[in-house]
Amino acid sequence: MESKYNYFKRDISWLSFNYRVLLEALDERLPLYERINFISIYSSNLEEFYKIRVADHKAVASGATESDEETVQSARELVEEINKEVTRQLDDRVRIYEQKILPALRKNHIIFYQDNHVEPFHQQFIKDFFREEIFPYLQPVPVSKDKIVSFLRDNRLYLAIRVYPKKEEKNKGEETKENIEKYTGECINERNDGEGIKVGMEAARPNVTDLRQPLYFVMKQPYAKVPRFIELPSREKNHYLMFTEDIIKANLNLIFPGYDVDSSYCIKISRDADILIDDTASSADLVAQLKKKVKKRKIGDVCRFVYDRAMPSEFLDFLVDAFRIQRDELVPGDKHLNLEDLRHLPNPNKSLHSLEKPKPMKLTVLDEKESIFNYVAKKDLLLYYPYHSFEHFIHFLYEAVHNPETREIMVTQYRVAENSAVINTLIAAAQNGKKVTVFVELKARFDEENNLATAEMMQAAGIKIIYSIPGLKVHAKVALIRRRGLNGEKIPSYAYISTGNFNEKTATLYADCGLFTCRKEIVADLYNLFRTLQGKEDPKFTTLLVARFNLISELNRLIDREISLADEGKQGRIILKMNALQDPTMIDRLYEASEHGVQIDLIVRGICCLIPGQSYSRNIRVTRIVDSFLEHARIWYFGNDGTPKVFMGSPDWMRRNLYRRIEAITPVLAPDLRDSLIEMLDIQLADNQKACWVDDKLQNIFKKRTPGTPAVRAQYTFYDWLNQKDN
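I will try to describe carefully the structure that is included in this document. If you're wondering where the values come from, they're calculated on a predicted model, not measured in any experiment. (Residues numbered from 1 in each chain as written. Predicted model: local features only at pLDDT ≥ 70, side-chain atom pairs only at ≥ 80, totals over all residues. Heavy atoms only, no water.)

**What about a positive patch on the surface?**
The line we're drawing: A patch consists of residues exposed above 30% relative accessible area that lack any salt bridge, with like charges linked at up to 9 Å and nonpolar side chains (Val, Leu, Ile, Met, Phe, Trp, Tyr) linked at up to 5 Å. Residue-level accessible areas treat just the shown protein chains as cover; the underlying method is Shrake-Rupley with a 1.4 Å probe. Within this document, salt bridges are pairs made up of a side-chain nitrogen of Lys or Arg and a carboxyl oxygen of Asp or Glu, the two lying within 4 Å of each other. Asp and Glu count as negative and Lys and Arg as positive, but His and the ends of the chain are not part of the count. A charge is said to be at NZ when it belongs to Lys, at CZ for Arg, at CG for Asp and at CD for Glu. Secondary structure elements follow DSSP: runs of H or I of four or more residues count as helices, runs of E of two or more count as strands, with numbering from the N terminus.
A cluster of basic residues, Arg407, Arg484, Lys490 and Lys520, forms a positive patch on the protein surface. Structurally, Lys490 can be placed in the loop between β17 (478-483) and β18 (494-498).

Have a look at this one:
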């Protein structure tokens, strides 16, 4: 039966979130290079979005794949809607970059050349730098509609160039041919298998019968050899920067002697990066598939062709025909593409201060001399990253390695850092004679190779590796230390349930939390979960909520409880913090609760398909926070008539998380830890610096500070609260 409720489209909602990221570049309270970094993050997010989400829709739109969720026509319409919204956002990105960022750089004595105008005192430097540092790595490749089609590599910048033979050479056809051969040599046409094929100029040469017909070339930018940004000699108190491609453009006449260079524009291709594997395959087959298919990620189908919007239509038409681009793959961009590279922009003005982010705290009760085991044996421990140091978790594992009563260490691996201290500690445990079992999720997108490499390294060290479950993805972030006394007596084992990955790098960037406990009921449930991952039994969980087992039924019970309270004239109250809210079934339950008068606050960073401001959602408010750290924790609060129930764990309320993954959520049972999570939620709802409402048009409406009230910047306010509380 069709729902009486409405929902935002998932991908349009995500674009609203990414636009909120871009808006941070407008915040003049932030250090300048922090604002520039948000443009980089916005651009990087958008690149991945096209590689995965848009590529999926295009596959459906073309009839290449089938979907239960959309038709060919609806997929085509959605791609068109996405491209339209992205084009609108990119217009704003251009304005922010050109009208806000570049003037702010100039104000701070950093001149970032953006056009053809270069000061006379830099012109010789640019020419010399080009000849010595760039020219040896350039290779223009002729483009012809009817002959050779060069393979454009994924997310690489190319310069598309149009030239004309000089007029005085219009009767020197043979000399023109010689010039082409001399200055382009043998072109390299990269096939889909990544190998280079040498193609002689006779095969690739454009038609030069009419010597004033335009000739087209593409030239890959040599960023593996030359930095994207070049620092030029300073002058008085001013510093100067320039894009490498602008230096190339300024010297194109040296690459094409005998030709008039008409124009040049940057282009790039984004390719489908999703890996389609047989999800029902055995572990051995899955490993073999991944090893083979990851290598082909860079040669997937085109999902967008980005070009400088200043490019003339006839120039663009030629490229579209030559590279067989579909019109729905065209996305107009700025003069400079791949602005994710701005995170590497040099800062020659050392007086520009950087953002003073909260420094990770080490709890005084958990210094290196104190046993975490002893502390957690007495009371539960809750850490908040990145406000607390992730070294505490490493110390927890290290203590397990050297504790003679440790029988087994069990951990899930979803995304780990390269050269991971977590992995190294687990290897040390195995070498120390401990039994170590690690469940490795190979299907963690873009981390497949790293996960596979670390799994093989651990296996070689004697660690028992359990690979992905057919048909499922394991997203739970849990660890279990099983112990037994040296004389066989029962002693506490330790459970750890987190909202974030076991990754010391992201633990400094993502806002997460992790719970350490010795509670027998949680330890027993977690052991049952690991047995399930090994395919040994169909477990019953008494305390943990586990997706595909008891999670949905318990969520429904909790929501029903708040509805009953509201119906009785008492306060029904729900606060849900997560990264994404998409599952229509659970959204319907929230709509229903709102209709009964339950007051609901949602703190959703990214996708939110629930529409506020409707008759059936009048009691629901949606808050979004974007700040120094990526809000990543999943925390759920249910008022329960004054005796709150608070949960934390790994899942968002996405269809995939609730029904197609293994996720683990724990109730926070210690009253003081429960209250600290509630305090964090209250601070985030009070944020009047970095929080915004998401309205019924998917607009980000910044919350305004009421006169006379304190400024609340949630991440920094909560850090200060923790610092005072813990010390």
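**Some remarks on the pairing of strand β9 (residues 259-271)**
Regular strands show a simple pattern: their side chains alternate between the two faces of the sheet. Short version of the rule: Exposure categories follow from relative accessible area, calculated using a 1.4 Å probe and restricted to protein chains: below 20% of the type maximum is buried, above 50% is exposed, and the middle band is partly exposed. For two strands to be treated as a pair, DSSP must find no fewer than two bridges joining them.
Among the 13 residues in β9, ten count as buried, and that is most of the element. Relative to β9, strand β3 (residues 158-165) runs antiparallel, the two sharing eight bridges. Among the inter-strand pairings, Leu159 is bridged to a residue of β9, identified as Cys266. As paired strands, β9 and strand β10 (residues 302-308) are joined by five bridges and run antiparallel to one another. Note that in β10 the partner of Arg271 across the bridge is Val302.

**Some details on the pattern of salt bridges**
Applying the stated rule across the entire model yields 43 salt bridges. As a salt-bridge pair, Arg573 and Asp601 come within 2.9 Å of each other at their nearest N and O atoms. Taken together, the residues span a long stretch of sequence, with Arg573 in strand β21 (residues 573-578) and Asp601 in strand β22 (residues 599-604) at a distance of 28 residues. For the salt bridge of Arg634 with Asp652, the shortest nitrogen-to-oxygen distance reads 3.1 Å. Pair noted here: Arg634 is in strand β25 (residues 634-638) and Asp652 is in the loop between β26 (645-649) and α18 (655-659), with a separation of 18 residues, a long-range link. Relative accessible area serves as the criterion here: at 5%, Asp652 is assigned to the buried category. Beyond isolated ion pairs, a larger network of salt bridges with shared partners links Arg20, Glu24, Asp27, Arg29 and Lys690.

**Focus: the side chain of Glu34**
The line we're drawing: Only heavy atoms enter the contact rule, under which two residues are in contact if any of them lie within 4.5 Å.
Mapped onto the elements of the fold, Glu34 is located in helix α2 (residues 32-61). At 4.0 Å, Lys357 is the nearest oppositely charged side chain to Glu34, a buried residue that forms no salt bridge. Other than its neighbours up to four places away in sequence, Glu34 contacts Leu355 and Lys357.

**Some remarks on the sheet that holds strand β11 (residues 330-333)**
Sheet strands pair by backbone hydrogen bonding; their relative direction is either parallel or antiparallel. Definition in use: Interaxial angle, 0 to 180 degrees, is taken between N-to-C directions of lines fitted to C-alpha atoms, where a helix line uses only the stretch in contact.
An order of β2-β6-β3-β9-β10-β11 is seen for the six strands of this open sheet, with the pairing classed as mixed. The open sheet has two free edges, formed respectively by β2 (141-143) and β11, since each of these has just one partner strand. Ignoring strand direction, the axes of neighbouring strands in this sheet form an average angle of 35°.

**Let's talk about unusual backbone geometry**
With an omega of 5°, the peptide bond between Tyr385 and Pro386 qualifies as cis. Within the fold, Pro386 resides in the loop between β12 (381-385) and α12 (391-402). Located in the positive-phi region is Glu236, a residue other than glycine, with phi close to 55°. Summarising the element assignment, Glu236 is placed in the loop between β7 (229-235) and β8 (238-243). Accessibility expressed as a relative area gives 79% for Glu236, which makes it exposed.

**Structural notes on the nonpolar core**
Formally: In this description, a nonpolar core means a group of buried Ala, Val, Leu, Ile, Met, Phe, Trp, Tyr and Cys residues linked to one another through side-chain atoms lying within 4.5 Å.
Core analysis: the biggest nonpolar cluster contains 113 residues, and Leu590, Leu602, Leu610, Trp636 and Trp653 have the highest contact counts within it. The element contributing the most residues to this core is α2, with eleven residues. In contact with Trp636, other than residues within four places in its own chain, are Leu551, Leu555, Ile575, Leu576, Lys577, Met578, Lys645, Val646, Phe647, Pro651, Trp653 and Ile665. In this structure, Leu381, Ile409, Tyr467 and Tyr494 belong to the second largest nonpolar core, which totals 44 residues.

**Comments concerning the packing of aromatic side chains**
Heads up, the condition is: For this analysis, a ring pair means two rings from Phe, Tyr or Trp (six-membered ring only for Trp) whose centres lie within 6.5 Å, classed as stacked if their planes differ by under 30 degrees, edge-to-face if by over 60, and tilted for the remaining angles.
Counted under the stated rule, the structure contains 38 aromatic pairs. Both rings, one in Tyr216 and one in Phe315, keep their centres 5.2 Å apart while their planes meet at 70°; by these two values the pair is edge-to-face. Placement of Tyr216 in strand β6 (residues 215-220) and of Phe315 in helix α10 (residues 313-322) is noted, with a sequence separation of 99 residues between them. Taken as a pair, Tyr216 and Phe315 share a single burial class, namely buried. Centroid distance Phe393 to Phe502: 5.0 Å. Interplanar angle 15°. Geometry classified as stacked.

Without other data, these values stay purely geometric and don't point to any function.
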